[in-house]
Amino acid sequence: MSEPTRPQPTPRTGDPAPIRLLLADDHPVVRAGLRAVLEGERDLAVVAEAATAERAVELAADLDVDVVLMDLQFGRGMNGAQATAAITARPGAPRVLIVTTYDTDADTVPALEAGATGYLLKDAPPEELARAVRAAAAGRSALAATVADRLLERMRTPSAALSVREGEVLGLVADGLTNQQISQQLHLSQATVKSHLVHIYTKLGVDSRTAAVRAATDRGLIRRGDR
């Protein structure tokens, strides 16, 4: 269920209609913080909140929303990238602006490939958040500086970038899974898992699982701190 919305200030005569926002995050404190920042802007209006990705998809389809501010991790169930894909697949869908704490390739690439218009980190200053929302509403991309830099580096040196699948495999290696366990979780043959690892070692210039995990976390290719 979405959280009850607060009455919005009535726009002054002649003011354009405010940009209508949906906040999707499983932490009430985060939603409250985003609401407090955004409701301070006369041209922005929070119309609904969702505590799950599934509920965000429902509300985005049912309500007149311009921009969805979407977290990436919701615990169990659908994640933010999956919800983004479901939302943006509809004709006339609202724009999706990812607002999260994660900035690795393993997070940013799937979200942007799913159709997100922008990608911002939760430590962004309030004015940057408001600018990103306005940019997303206008159909312009808005990327955190670290995300933009990493995407640019991927474009400059594509041979050194991990594919989404390689990132998934290495992330599971970092979690301590064996090749057999990885093959079962990703529904791949063990030969395919080994092939991915060979490509990963070559791209990272390493020769072991431990070295690959270390190099990938140092370069921001897989998530650091939650492994």
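It should be emphasised that the depicted structure is a prediction, and the values quoted were computed from it without experimental measurement. (Residues numbered from 1 in each chain as written. Predicted model: local features only at pLDDT ≥ 70, side-chain atom pairs only at ≥ 80, totals over all residues. Heavy atoms only, no water.)

S.K.: Explanation requested: the sheet that holds strand S4 (residues 95-100) in the structure shown.
M.R.: For sheets, the rule is that strands pair by backbone hydrogen bonds, running either parallel or antiparallel. Judged by pairing direction, the sheet is parallel, and its six strands sit side by side in the order S2-S1-S3-S4-S5-S6 without closing on themselves. Edge strands, defined here as strands with exactly one partner in the open sheet, are strand S2 (44-50) and strand S6 (142-143). For strand S3 (residues 67-70) and S4, the ladder comprises four bridges, and the chain directions are parallel. Paired with Val67 across the two strands is Arg95, which belongs to S4. Along the sheet, helix H3 (residues 80-88) contacts S3 and S4; its crossing angle with S3, the most-contacted strand, is approximately 165 degrees. Across the sheet, helix H4 (residues 105-113) is in contact with S4, strand S5 (118-121) and S6; its angle to S5 comes to roughly 150 degrees. (Pairing = 2+ DSSP bridges. Helix = DSSP H or I, 4+ residues; strand = E, 2+ residues; numbered from the N terminus. Contact = heavy atoms within 4.5 Å. Axes fitted to C-alpha atoms, helices over the stretch in contact; angles between N-to-C directions.)

S.K.: Is there a simple way to think about helix H9 (residues 190-204) in this case?
M.R.: Since one α-helical turn is 3.6 residues long, residues separated by three or four positions face the same way. Between its terminal C-alpha atoms H9 stretches 21 Å, which fits the 21 Å expected from 15 residues at 1.5 Å a residue. The complete set of buried residues in H9 reads Val193, His196, Leu197, Ile200, Tyr201 and Leu204. When H9 is viewed along its axis, its buried side chains cluster within an angular range of 140 degrees and face the same direction. Facing away from the buried side of H9, by more than 90 degrees, are the exposed residues Ala191 and Thr202. Packing partners of the buried residues in H9 comprise helix H7 (164-174), helix H8 (179-186) and helix H10 (209-218). Immediately downstream of H9, the backbone of Gly205 shows phi near 70 degrees, a positive value. (Expected span 1.5 Å × (residues − 1). Buried < 20%, exposed > 50% of the residue type's maximum accessible area, 1.4 Å probe, protein only. Arc of directions from axis to C-beta.)

S.K.: Explain the packing of H7 against H9 here, please?
M.R.: Two numbers describe a pair of packed helices, the interaxial angle and the distance between the axes. Axis separation between H7 and H9 bottoms out at 10 Å; the angle between their running directions is 95 degrees. In terms of their interaxial angle, H7 and H9 are classed as roughly perpendicular. Side by side, H7 and H9 meet where Arg165, Glu166, Val169, Leu170 and Val173 of the first sit next to Val193, His196, Leu197, His199, Ile200, Lys203 and Leu204 of the second. (Parallel < 35°, antiparallel > 145°, perpendicular 65-115°, else oblique.)

S.K.: What is the right way to read the packing of H9 against H10 from this model?
M.R.: Orientation of H9 relative to H10, taken along the N-to-C sense of each, is 55 degrees, at an axis distance of 10 Å. By the angle between their directions, the pair H9 and H10 is classed as oblique. Crossing of H9 against H10: the hand is left-handed. Side by side, H9 and H10 meet where Leu197, Ile200, Tyr201 and Leu204 of the first sit next to Arg209, Ala212, Ala215 and Ala216 of the second. For the contact of H9 with H10, the class distribution of residues is seven nonpolar, no polar and one charged. (Left-handed = near helix turned anticlockwise from the far one by under 90°. Nonpolar A, V, L, I, M, F, W, Y, C, P; charged D, E, K, R; others polar.)

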